[in-house]
Amino acid sequence: MSPLIILDGVTVSRGGRRVLDSANLRLEAGERLALVGPNGAGKTTLLRTLIGLEKAEAGTITAFGAERRTERDFRPVRARAGFLFQDADDQLFCPTAIDDVAFGPLNLGLSAKAAAEKARAVLERLHLSHLAHRITHHLSGGEKRLVALAGVLAMDPEVLLLDEPTNALDDVHYGRLNEILANLPVAMIIVSHDRRFLHRLSSRVVALQGGRLHPAAFHSHPHTHDHLHIHLEGGEGDHRH
Ligand SMILES: Nc1ncnc2c1ncn2[C@@H]1O[C@H](COP(=O)(O)OP(=O)(O)OP(=O)(O)O)[C@@H](O)[C@H]1O
Ligand SMILES: [Mg+2]
């Protein structure tokens, strides 16, 4: 099978600075690619470039078997690649959580009823049914993140582009996200500073440095450390590991 996404010599500048500099990348079907790099390295820029939100000055982007250049070329890519934004506030815009989750399926042509049903099913799968009718901008940071993820999954994406998916999640939701992603049979690019999460999920690691992607590997060594827990004073506390 040919790769789902290929970047070939792609250069992108932001604010007059070259962020991607002749970058190459291939994402194969079913692959879970971890993308790491320091703050400001260009990880978000790279994900945005893949779906045409940033313009490549040089190089070619191939997605789902076709070269993509124009806004028109990228529209179908956005329908097939689910992008979880680094900041959920940039992603959510409907009055209630369920409207937001239903928006993608509606946009893909489902009827209002079918889209609402789909949204309900995805919220349930993520154990988020209790948030369905809450006002989106009143949700907590973690709740927003989860509703945004529900919106992405509701579109049945063929590829997931996840920008710091574990940000702002508590232990329970962190575990649930891990489990959901581990069981999704789609290719994904996961941008994260969370090495434990990446190690569990990904099949390959690349590091973005100097505007280019370099093969990387997890390295672990025995390490003695303390587990830090927070307990309620005088009561039963949280004792998860
Ligand atoms: N809207 C913008 N205008 C100008 N420059 C920008 C803009 N967004 C990002 N940049 C610059 O592009 C570079 C890459 O930013 P990007 O957000 O892709 O980094 P990142 O690797 O995702 O970092 P982080 O780990 O902090 O999320 C940074 O130097 C940043 O300052
Ligand atoms: Mg980023």
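Here is a short report on the structure shown in this document.

The rules behind each value
Residues numbered from 1 in each chain as written. Chains lettered and ligands numbered in written order. Predicted model: local features only at pLDDT ≥ 70, side-chain atom pairs only at ≥ 80, totals over all residues. Heavy atoms only, no water. Helix = DSSP H or I, 4+ residues; strand = E, 2+ residues; numbered from the N terminus. Rg over C-alpha atoms; globule rule 2.2 N^0.38 Å. Buried < 20%, exposed > 50% of the residue type's maximum accessible area, 1.4 Å probe, protein only. Contact = heavy atoms within 4.5 Å. Areas by Shrake-Rupley, 256 points an atom, 1.4 Å probe, with all protein chains shown as cover. Pairing = 2+ DSSP bridges. Axes fitted to C-alpha atoms, helices over the stretch in contact; angles between N-to-C directions. Core = buried A, V, L, I, M, F, W, Y, C linked by side-chain atoms within 4.5 Å. Near = heavy atom within 4 Å. Polar contact = N/O pair within 3.5 Å; in protein donor to acceptor, adjacent residues only side chain to side chain. Nonpolar A, V, L, I, M, F, W, Y, C, P; charged D, E, K, R; others polar.

1. Quick look at the overall build of the protein
Within the protein, the secondary structure is distributed over seven helices and 10 strands. The C-alpha radius of gyration of the protein comes to 19 Å, within 12% of the 18 Å expected for a compact globule of 241 residues. Projected onto its principal axes, the C-alpha positions of the protein cover 60 × 55 × 35 Å. Per-residue burial for the protein yields a buried fraction of 45% across its 241 residues. When contacts within the protein are restricted to residue pairs at least 6 apart in sequence, long-range pairs at least 24 apart make up 64% of them. Carbon and sulfur atoms form 51% of the exposed surface of the protein, whose accessible area is close to 13,100 Å².

2. Focus: the sheet that holds strand β10 (residues 212–216)
Spatial strand order, β6-β7-β8-β3-β9-β10: six strands in an open sheet with mixed pairing. With partners counted over all chains shown, the strands left at the sheet margins are β6 (81–84) and β10, one partner each. Averaged over neighbouring strand pairs, the angle between their axes works out to 20° when direction is ignored. Alignment of β6 against strand β7 (residues 159–163), held across four bridges, turns out to be parallel. Counted as the bridge partner of L84 is L162 from β7. The strands touched by helix α5 (residues 141–153) are β6 and β7; relative to β6, the strand with the most contacts, the crossing angle is about 175°.

3. What to know about the environment of K144
Here K144 shows up in helix α5. Put simply, K144 and Q91 are 53 residues apart on the chain and 9.1 Å apart in space, counted from C-alpha to C-alpha. Beyond its immediate sequence surroundings of up to four residues, K144 is in contact with A88, D89, L92, T136, H137 and L139.

4. So, the nonpolar core
With 40 residues, the main nonpolar core has L126, L153, L160, L162, L181, L184 and M188 as its most contacted residues. Among the elements of the structure, α3 (97–107), α4 (112–125), α5, β7, α6 (171–183), β8 (187–191) and α7 (195–201) are those that each provide at least two residues to this core. A per-element tally of this core places α5 first, with seven residues. Ignoring sequence-local partners within four residues, the contact set of L181 consists of R32, L160, L162, M188, F197 and L201.

5. Structural notes on the sheet that holds strand β2 (residues 17–27)
Strand-to-strand pairing in sheets goes through backbone hydrogen bonds, with the strands running parallel or antiparallel. In space, the four strands of this open sheet follow the order β2-β1-β4-β5, with antiparallel pairing throughout. Each of the sheet's edge strands pairs with one partner strand only, and the pair in question is β2 and β5 (66–67). Examined bridge by bridge, strand β4 (residues 58–63) and β5 share two bridges and lie antiparallel to one another. Note on β5: the bridge partner recorded for A63 is A66. Seen against the sheet, helix α1 (residues 43–50) touches β1 (5–14), β2 and β4 and runs at an angle of roughly 120° to β1.

6. A closer look at the site of ligand 1
Surrounding ligand 1, one finds 15 residues, the nearest of these being R17, G40, K43, T44 and T45. For ligand 1, an oxygen atom lies 2.8 Å from a polar atom in the backbone of G40. K43 has a polar side-chain atom sitting 2.7 Å from an oxygen atom of ligand 1. In isolation ligand 1 has 630 Å² of accessible area, and contact with the protein removes 64% of it. For the shell around ligand 1, the elements supplying multiple residues, two or more each, are β2 and α1. In terms of residue count, α1 provides more of the shell around ligand 1 than any other element does, three residues in total. Considering only residue class, the shell around ligand 1 consists of three nonpolar, eight polar and four charged.

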